[in-house]
Amino acid sequence: MINNHNRLTIHEAHRLLKAKQLSSVELTKACLERIRRVEPKVHALVTITDELALRQAQKADELIAAGDTNPLTGIPVLIKDNICTKGIPTTCSSKMLENFVPPYDATVVERLNNCGAVVLGKANMDEFAMGSSTENSALFTTHNPWDLSRVPGGSSGGSATAVAAGEIIYALGSDTGGSIRQPAGFCSVTGLKPTYSRVSRYGLVAFASSLDQIGPLTQDVTDCALVLNAIADYDSRDSTSVPYPTPDYTQCLSTNLKGLRIGVPKEYFVEGMQTEVETAIRTAINKLEELGARAEWEVSLPHTPYALAVYYIIAPSEASANLARYDGVKYGFSYLDADSMWEAMEKTRQYGFGAEVKRRIMLGTYALSAGYYDAYYLKAQKVRTLIRQEFDQAFDKFDALVTPTSPTVPFKIGEKIDDPLQMYLSDVCTLPINIAGLPAISIPAGFADGLPIGMQIIGKPFAEETILKIAYAYEQATEWHKRKPKI
Ligand code: GLN
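The rules we used
Residue positions are given per chain, counted from 1 along the sequence in the order it is written. Confidence filtering applies because this is a predicted model: local features only for residues at pLDDT of at least 70, side-chain atom pairs given and counted only at 80 or more, and all residues used for totals across whole chains, interfaces and linings. Side-chain figures throughout are based on the complete set of non-hydrogen atoms in the structure, without hydrogens or water. Using a 1 Å grid laid over the protein atoms alone, points where a 1.4 Å probe fits but cannot get out form a cavity; open sets with protein on both sides within 12 Å along at least 5 of 7 lines form a pocket; any residue with an atom within 4 Å of a point counts as lining. Grid points are joined across faces, edges and corners, and a volume is the space filled by probe spheres set on the points. Classification convention: Asp, Glu, Lys, Arg as charged; Ala, Val, Leu, Ile, Met, Phe, Trp, Tyr, Cys, Pro as nonpolar; all other residues, Gly among them, as polar. One heavy atom within 4 Å of a molecule or strand makes the whole residue count as near it. In protein, a polar contact means a hydrogen-donor-capable atom and an acceptor-capable atom, both N or O and within 3.5 Å, with residues adjacent in sequence counting only if both atoms are side-chain atoms; elsewhere, any N or O pair within 3.5 Å suffices. Per-residue and other accessible areas follow the Shrake-Rupley method at a 1.4 Å probe size, with only the shown protein chains counted as cover for residues. Think of it this way: a molecule belongs to a cavity or pocket when more than half its atoms come within 2 Å of the grid points there. We call a residue buried when its accessible area falls under 20% of the maximum for its residue type, exposed when it is over 50%, and partly exposed in between, using a 1.4 Å probe and counting protein chains only. Secondary structure follows DSSP: runs of H or I at least 4 residues long count as helices, runs of E at least 2 residues long count as strands, and numbering of each begins at the N terminus. When DSSP locates at least two bridges between a pair of strands, those strands are taken to pair. Each axis is a line fitted through C-alpha atoms, and for a helix only the stretch in contact is used; angles between axes span 0 to 180 degrees, taken between their N-to-C directions. In what follows, a contact means two residues having at least one pair of non-hydrogen atoms within 4.5 Å.

Moving on to empty space enclosed by the protein. If a probe the size of a water molecule is rolled over the atoms, the empty space left behind becomes visible. For the coordinates displayed, the defined rule picks out six cavities of 30 Å³ or more. Here the largest cavity defines a volume of roughly 90 Å³. In terms of lining, the largest cavity is formed by 16 residues, of which the most central are G131, G177, S179, Y311 and D427. Grouping the constituent residues of the lining of the largest cavity by class yields six nonpolar, eight polar and two charged.

Structure below.
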């Protein structure tokens with residue numbers, strides 16, 4: 001039986017589940033059937049937990065029959081493979097963690113489980129979330145559902161692909177420098193990076209702890225708000241989590257942007273940017289004006305060009321410290337055929353890590369070493385403060401900033417893999433946001449030759465409601481999010 005239940009959004013599925021016109025088991029089976037058909041083409045999933053999912057679905061149906069009305073009950077979700085899931089392998093798409101089965105759930109997973117979610121599996125990613133194309137996965141490369149010869153973006157490429165291809169209703173990703181927003185843009189789905197510390201990082205395998213945030217990848221903005229409702233809150237197990245109250249993020253969704261001030265920072269329309277991308281985003285901003293927003297087109301954030309350099313000092317530095325734990329002793333891959341402890345450690349890391357991870361560890365170790373620390377790491381931290389202050393000043397004048405999510409549409413698999421700098425440049429528009437700890441969302445905003453273009457909306461700290469509102473108004477006035485890839 002072919003149905004399109006796998007294409008339902010969370011809020012549509014919830015309505016049908018509540019009205020008993022659909023069961024969670026049926027919905028889960030529709031996703032599994034879709035996975036069976038398209039997964040051989042897109043390769044988005046690292047682990048499929050079909051038995052667990054069907055058990056959870058059955059339980060969810062019982063809950064719904066007993067009157068449970070949580071909007072996530074019975075809805076299948078896919079988790080990026082760097083988020084710990086109790087009893088389910090969590091590989092970070094690395095040989096190092098190939099056989100790692102966490103003994104506990106990340107807070108976000110616990111929260112989804114408490115909502116009656118159905119966990120369908122784990123999504124492919126760039127190894128330890130380092131990359132922009134999913135080509136750095138040690139397992140396999142994920143293919144963009146809009147054009148299988150192209151990358152889906154990264155590092156949450158598996159999550160974005162699965163949502164776009166209709167394999168799953170929604171997914172979780174993580175974003176250190178753009179890893180939710182860039183693949184969301186490349187696959188034409190909605191992806192939100194919350195304010196740093198809004199969502200608990202407990203159980204997220206650390207890459208760069210001062211930048212990492214978990215967030216939703218969904219088919220529309222309403223779903224994004226629903227998932228954020230479920231995952232955002234204070235968590236005493238994450239020392240950077242803040243005890244701010246969590247609003248109901250669906251309450252802010254409205255189609256009237258009257259009175260909102262939007263800044264368009266010119267530094268984000270970088271040289272070398274694809275003209276179709278620039279045109280699409282400028283057209284989208286015109287649309288926001290039609291909806292009542294007031295746009296100022298010539299805003300300047302002059303420190304923006306330094307963000308890439310700052311990021312590639314700070315992120316590798318933190319990574320080099322975080323990844324020191326993979327020594328073959330505590331957990332993960334262990335090289336056993338060695339004569340000494342040092343040889344065992346060295347070989348464990350030599351075989352366990354891929355090229356990009358090693359590159360980052362070397363860069364970070366260098367930047368943190370005595371004699372270079374002040375020149376690189378400390379300086380990068382100072383520029384980080386300047387970038388943050390510049391955003392603060394801009395937000396005195398504007399409620400949100402609007403930019404492209406990426407300078408280009410999805411590129412070809414293999415095109416940038418041998419040129420790390422080119423690869424790093426694909427995140428120029430998203431990296432500064434993590435450096436400043438701000439919330440930002442990417443939503444579908446057009447196509448060039450059938451390839452997706454994403455628009456990024458950036459907010460003040462903890463102003464997720466503002467960016468969701470703008471995103472929602474734009475979405476309701478356009479049809480981009482309704483287009484689905486034909487595979
Ligand atoms: N592409 C960037 C990097 O390689 C960002 C990755 C991320 O956000 N996890 O570091």
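Having seen it, we continue.
This next bit is on the site of the ligand. Taken together, 15 residues lie around the ligand, and G177, S179, Y311, R360 and D427 are the ones closest in. Interatomic distance of 3.2 Å between a backbone N/O atom of G178 and an oxygen atom of the ligand. Within the side chain of Y312, one N or O atom sits 3.4 Å away from an oxygen atom of the ligand. Protein contact buries 100% of the 290 Å² of open area that the ligand shows by itself. Taking a 2 Å distance to the grid points as the criterion, the majority of the atoms of the ligand fall inside the largest cavity. Residue composition of the shell around the ligand, by class: five nonpolar, seven polar and three charged.

With eight of its eight residues buried, helix 5 (residues 157–164) lies for the most part within the structure. All buried positions along helix 5 are accounted for by G157, G158, S159, A160, T161, A162, V163 and A164. Within two residues after helix 5, G166 carries a phi angle of roughly 75°, on the positive side.

Strands sit in the order 1-3-2-4-6-5-10-11-9-7-8 across an open sheet of eleven strands; the sheet is mixed. The open sheet is flanked by strand 1 (45–48) and strand 8 (294–299), the only strands paired with a single partner. Pairwise comparison of adjacent strand axes, ignoring direction, gives a mean angle of 30° for this sheet. The pairing of strand 5 (residues 190–193) with strand 6 (residues 213–218) spans two bridges and is classified as antiparallel. Residue pairing for strand 6: G191 is matched across the bridge by L217. Most of the contacts of helix 2 (residues 24–42) go to strand 3 (residues 118–123), to which it runs at about 20°, and overall it touches strand 1, strand 2 (76–80) and strand 3. Where helix 8 (residues 275–290) meets the sheet, it contacts strand 7 (261–265), strand 8, strand 9 (400–404), strand 10 (440–448) and strand 11 (451–459), and its direction lies at approximately 50° from that of strand 11.

So yeah, pure geometry; function would need other evidence.
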